[in-house]
Amino acid sequence: MLGFIIKRLLWMVPSLFAVSFLAFVLIQLPPGDYVTTYIATLAASNEIVDRTAAAELRARFGLDQPFIVQYLKWISGIVLRGDFGLSFEWQQPVSELIWERMALTLVVTSSTLLMTWAIAFPIGVFTAVRQYSIGDYFFTFLGFLGLAIPSFLLALVLMYVAVVLFGADVGGLFSPEYQTAPWSWGKVLNLIEHLWVPVLILATNGTASLIRIMRANMLDELHRPYVTTARAKGLSEFRLLLKYPVRVAINPFISTIGWLLPNLISGALIVAVVLSLPIAGPLLLQSLMSQDMYLAGAFVLLMCTLTLVGTLLSDILLALVDPRIRFD
Amino acid sequence: MTDAATILSIRDLHTHFPVRGGIVKAVDGVSFDLARGKTVCVVGESGSGKSVTARSILQIVDPPGRVVTGSIVFNRANGTSVDLAALNPRGREIRSVRGAEIAMIFQEPMSSLSPVHTIGNQITEVLRLHLRMGKKEATDRAVDLLRAVEIPNPERAIERYTFEYSGGMRQRAMIAMALACNPQVLIADEPTTALDVTTQAEILDLMKRLQSERGMAVMFITHDMGVVAEIADEVVVMYQGKVVERGPVEQIFHAPQDPYTQMLLGNVLKLERPSAIRAVRAPLPAEEPPLLDVRGLKMHFPIRKGFFKRIVDHVKAVDDVDIVVRAGETLGIVGESGSGKTTLGRCLLRVYEPTAGQILYRRTDGSITDVAALEPDRLRECRREMRMIFQDPFASLNPRMTVGQIIGEPLLVNGLAEGSALHDRVAELLKRVGLNPDWAERYPHAFSGGQRQRIGIARALALSPRLIVADEATSALDVSLRAQMLDLMLQLQDELKLAYVFVSHDISVIRYICDRVAVMYRGKVVETGEAEQVCNDPVHGYTKALLSAVPRPDPRERRIHTRHRYVSDAA
Amino acid sequence: MTAAALPPSAPTPAVSRFASASQWQLVWWSFRKHKLAMLGAIVTLMIYIVAAIPDFFATTDPSQQNARAVYHPPQGLHLFVTEADGRTSFRPHVKQMQLRRDPVTLAPIYQVDPTRTIDLRFFAEGYPYHLFGLIPTRIHLIGSTDPRQQIFFLGSDRLGRDVWSRILKGCQISMSIGLVGVAMSLLIGILLGSISGYYGGRIDFVIQRVIEFILALPTIPIWLALAAALPQNWPALLHYFMITLILSLIGWAQLARVVRGRFLSLRTEDFVTAARLDGASEMRIIFRHMLPSFMSHIVASVTLAIPAMILAETALSFLGLGLQPPVISWGVLLREAQNIRSIVTAPWLFAPGAAVVVAVLALNFLGDGLRDAADPYNK
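As a starting point, this report considers the structure included with it.

### Considerations on the environment of B:Thr343
Then, in step 1: Along the chain, the position of B:Thr343 falls in helix H13 (residues 341-348).
Then, in step 2: Taking the C-alpha atoms as reference points, B:Thr343 and B:Ala356, separated by 13 residues in sequence, lie 14 Å from one another.

### Topic: helix H13 (residues 351-373) of chain C
Then, in step 1: Across its 23 residues, H13(C) extends 33 Å between first and last C-alpha, which sits within 8% of the 33 Å expected from 1.5 Å per residue.
Then, in step 2: The buried count for H13(C) comes to 19 of 23 residues, which makes it a mostly enclosed element.

### Observations regarding the interface of chain C and chain A
Buried accessible area, meaning the area lost when the parts come together, often serves as the stated size of an interface.
Then, in step 1: Facing the 40 residues of chain C at the interface are 42 residues of chain A.
Then, in step 2: Together chain C and chain A conceal approximately 3,500 Å² of surface at their shared face, both sides included; 84% is due to carbon and sulfur atoms.
Then, in step 3: The interface formed by chain C and chain A includes one salt bridge.
Then, in step 4: A salt bridge links A:Arg212 to C:Asp368; the nearest nitrogen and oxygen atoms lie 3.2 Å apart.
Then, in step 5: Residue assignment for the side of chain C that touches chain A shows that the elements contributing at least two residues are helix H6 (201-215), helix H7 (219-228), helix H10 (282-318), helix H12 (340-345) and H13 of chain C.
Then, in step 6: The dominant element in the side of chain C that touches chain A, judged by the number of residues it contributes, is H13(C), at nine residues.
Then, in step 7: Within the side of chain C that touches chain A, the residues separate by chemical class into 31 nonpolar, six polar and three charged.

### Let's talk about the packing of aromatic side chains
Then, in step 1: A complete count under the given rule lists 33 aromatic pairs over all chains for this structure.
Then, in step 2: An angle of 45 degrees between the planes, with centres 6.0 Å apart, marks the rings of A:Trp11 and C:Phe205 as tilted. Within this pair, whereas A:Trp11 is found in helix H1 (residues 2-28), its partner C:Phe205 is found in helix H6, the two belonging to separate chains.
Then, in step 3: You can call A:Trp11 partly exposed: its relative accessible area is 28%.
Then, in step 4: On the accessibility criterion, C:Phe205 (38% relative accessible area) is partly exposed.
Then, in step 5: Through successive ring pairs, a cluster of aromatic residues spans A:Phe17, A:Phe21, A:Phe24, A:Phe67, A:Tyr71 and A:Trp74.
Then, in step 6: Over the face of the ring belonging to A:Trp11 we find C:Arg209, whose NZ or CZ atom lies 5.7 Å from the ring centre.
Then, in step 7: One residue, C:Arg209, lies across the ring of C:Phe205, its end atom 4.6 Å from the ring centre.

### Quick notes on the pairing of strand S19 (residues 516-521) of chain B
All names here are of chain B.
Then, in step 1: Burial analysis of S19 places six of its six residues in the buried class, which makes it a mostly covered element.
Then, in step 2: Burial along S19 is two-sided: Arg516, Ala518 and Met520 and Val517, Val519 and Tyr521, pointing in opposite directions, are all buried.
Then, in step 3: In this sheet, S19 lies alongside strand S13 (residues 330-334) in parallel orientation, the contact comprising four bridges. Counterpart to Val334 in the pairing with S19 is Val519.

Rules behind the numbers
- Per-chain numbering applies: the sequence of each chain, read as written, is numbered from 1 onward.
- The naming scheme follows written order: chains are lettered A onward, ligands numbered 1 onward.
- Since the coordinates come from a predicted model, pLDDT governs what is reported: local features require at least 70, and pairs of side-chain atoms require 80 or more to be given and counted, while whole-chain, interface and lining totals use all residues.
- Processing note: side-chain calculations cover all non-hydrogen atoms of the structure and skip hydrogens and water entirely.
- Secondary structure elements are taken from DSSP: a helix is a run of H or I of four residues or more, a strand is a run of E of two residues or more, and numbering for both begins at the N terminus.
- To estimate how far a helix should extend, the number of its residues minus one is multiplied by 1.5 Å.
- Relative accessibility decides the category of a residue: with a 1.4 Å probe and only protein chains considered, values under 20% of the type maximum give buried, values over 50% give exposed, and everything between is partly exposed.
- Here, residues are in contact when the closest pair of their heavy atoms is within 4.5 Å.
- In this description, buried area is defined as the sum, over both parts, of the accessible area (probe of 1.4 Å) that is lost when the two are combined.
- Salt bridges, as used here, are contacts in which a Lys or Arg side-chain nitrogen is within 4 Å of a carboxyl oxygen on Asp or Glu.
- For this classification, the nonpolar set comprises Ala, Val, Leu, Ile, Met, Phe, Trp, Tyr, Cys and Pro, the charged set comprises Asp, Glu, Lys and Arg, and every other residue, Gly included, is treated as polar.
- Only Phe, Tyr and Trp rings are paired, with Trp represented by its six-membered ring, and only when their centres lie within 6.5 Å; those with planes under 30 degrees apart are stacked, over 60 edge-to-face, the remainder tilted.
- Definition used: whenever NZ (Lys) or CZ (Arg) falls within 6 Å of the ring centre and also within 35 degrees of the ring normal, the charge is taken to sit over that ring.
- If DSSP finds at least two bridges between two strands, the strands pair.

Structure (structure tokens):
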């Protein structure tokens, strides 16, 4: 088991390296560089920077060096000092802008994850055990619908309904009085009050597919010989259901974190834009629009890292519950 | 007419499966009795309804199947009785019978045990459920049970998972689980079918001992007449959901009344002797140079472990094997699972690349080529003369090609025939293997297992080969088809002067068709000789053990319990 | 139950029809039983017909603006009129609407004018376009008899453009981006998947790790970052292809995994070994024996990948980093609905969203049915 965890942890090293490299490529991708943008910003306020000054600036920021050197500088700044570079749009270090938003992103996605599981698990089991019942058809249809509706559309519809029917605004994660207030118990409670709308919207997609996965897993397991064995032992249907097929079907269910988390982070991005949530998404979008690449790169890097860590956790969790993987 | 000894009395049992557009009557009016301390064998071919009968007793037939009518009266030792068929299949009453008074074991111990619970957990569960034992007490009892079924080191074995056990050990654990609450009836649904003969003999031994210790009634379901003869007191023969004959084992084997029983026994007994076709053949010229001369053949598969997938060891599937095949003869390769016989067969045609050794093949012109060292082009040439028949008649035919395309493929890709010539040749081949030539346009899904195997043979014959490697070619077939298939192969051998390398785990098939036999054990050939001599008077200890573990289809010749046991020197 | 054993005597026609049924026939027979999948297939077919000739179904030039019809509400299609003498006759028409302005806010207010209708005609002449991009014509499925009268089946947007015609035009882009994107992913996926599955070993190991890595990435942030790097001044067509390419850059991983899995399991199948022993060349083994065995699975996977692609394009365009106006796609159209005030004024701006949901549902039903029917032999 320990060997498995160590092996899995070691795998994180090349993955993290690849992710950081990818993020840096994305930073470098737009034409021009930091100084070009800087000059353009200055030009907007009628300041002219001549060529030598630009070259000086480039030398100072190390932009005249080869790609790989720049990358090493950037990544070592992050790893050693937590320095993600400068956001020219905000004229602030990137690290000052991202952490609270990343933390809120984590709160939103992990609550969604828990919610998804809490809904999908019992429904998945139910629809498999009562295959072809009215309930099964109902949830199957709901599942299809949940898969087909993009989360941002759902957010829009919900906002529309809230405005038209209740005259309420369901956007945001905080009431206006808490938006800029420092953290306090009141603010946390306020966050929880607002959290359910985005969580519900975000959970729709994942829940729909998870119900289908759980149902399929269960249907696979329900007719296995070991279930007959358990029945021949004299166990009651409910007990044997929970102890055997559900227990086995739960394993692939756990491994769904692997793709659910990336999907959630993706979905949260758009929903956050629609509902104007103060999480990573809207700021990332804004930074991309204005080509504030160090800020955007930091977000991409952290979001990817988050999903990689999520996959790592799901793998370890899976090994904990499934002896077949643990002993492999 | 129930006497005191009758513990289970089944009368006019009907179990039906509603399907689209009708009802499948899986069990159709079955009646028989089970007596205390006695063994009843229910025998029949696949689809005869024997397994469903067993499940009907405990009302655990898979949905949508259902016991429709009939009675299953269970007489307890204390004088009370209950009709199991009348109980609610999900009710408390039948559940208190299951596992406690009537227990059951199944065919596939691997899939019949939970993959994610320890063996101990699965055994203690029954004890805690029916006997209301505490955790500690149940664990102690489980250890005792594992010891009783001769599992070594039971204190540690109890913590292990199903996949850490070997096949035989899993079935032992399953028996321990079934016996946990001292049931009065044990229903065993083909418990040894998935096991090798030597393991089967051990399990039969164990069951016999436990039965006589506990005085249980055993209902044993099997398709193997040898096993029936070995263990049964009473026999129930089933065919298409009905009991066609029942009676004492002696009567069934020596004075069968029903034509189906007679046919079944006839097929089994036919395979107890060498084939009649071979008896009338002229002996092969003795001192002819061999067609195939295999020297020092090795096939090692690397075992990789650890982070860098380093090779830590090798599985020696074929380990320094020498065999000789003469033109026109049949060489049998016999062994149990894991002996390397299939790997050896596949190495001969270079399906697997052998690690070392020579495969010297004599061409028609007398020149000798080493197949193991051939270039791809020359190898293709050689493979025209050396062909293969596969074990699984379903997997070995491409379901997306017509039978005509399948049989014609070797002719087509070798540029030997096309157009109407190809069509004629395919028709001729179909006729030769006993199929209708008009069926060439059909797809394999329209054929039964036996017919598919004939298609496989036709494909092998298409290139007029001189040697055919047949890998367990009859193992997937019911016993009634097996002899037919073997006769066809012998007939073709006579007509086309073929040599066969016949790989099988089934001694009776080997004895029936082979001229000479090589016995494999753990990758090595331990004994080679004339089929008669090896089968009747083996020299090597392993061969003796293997042969004496095979049950004979004659209740007067019970011998498994006095069989020869072989302990490998290497182990 | 094993496969039905045939009696050796002459078979009945039904048996012989089954006996000589090819893979695709069996798939079709099995698919046909699946009601929802059939429905999905029919709707998908209709959607792709619209995507092929959107202008034929449109009533107004999708990019034509109309300052006097801003936020015009939908006009229902009526097929019959009650004549003066009480008889009912077939005359397709819509009710005309009168535009007034709120005296205070100057917001437009539309009222149905009960006295005036706009008569419609099938195969009416309308704005000129090229059928299939080739044949110049003015014929539309339905249009007003008076070309000066504009009709709005699904209302109009803030510039007075007809939402109905725009959705149909958007259908072309959105559905084709699904197809083209999946085709590109398929190309990469099949190539890498089959290399991985066929050669195995170290190559397989590396490709597998890359696939795992890509699947663990959150797609939208990376798509956004890539799309943001595209120069804004590129021509629309090039931009379209780059966006599609960006989408398939990640979409291939899933397909590659399916292909590899199939390849691996097929490589050791007995019938493939048999073909090798028959002397078939590697090419023939792959194309004649292996490929047909997973074609149906690929078709099913592809069908299920298209909706994902459509949703991705919609999301990207909705955020403003995907396709750019004047190109019309469903995502671009939904940008109009981004503002809560405009959807409160004109809830019909949700209509493109409904189109997305219907298309995705239909493709999912179809794909599910295909997946269930894909292997008619292992039942």
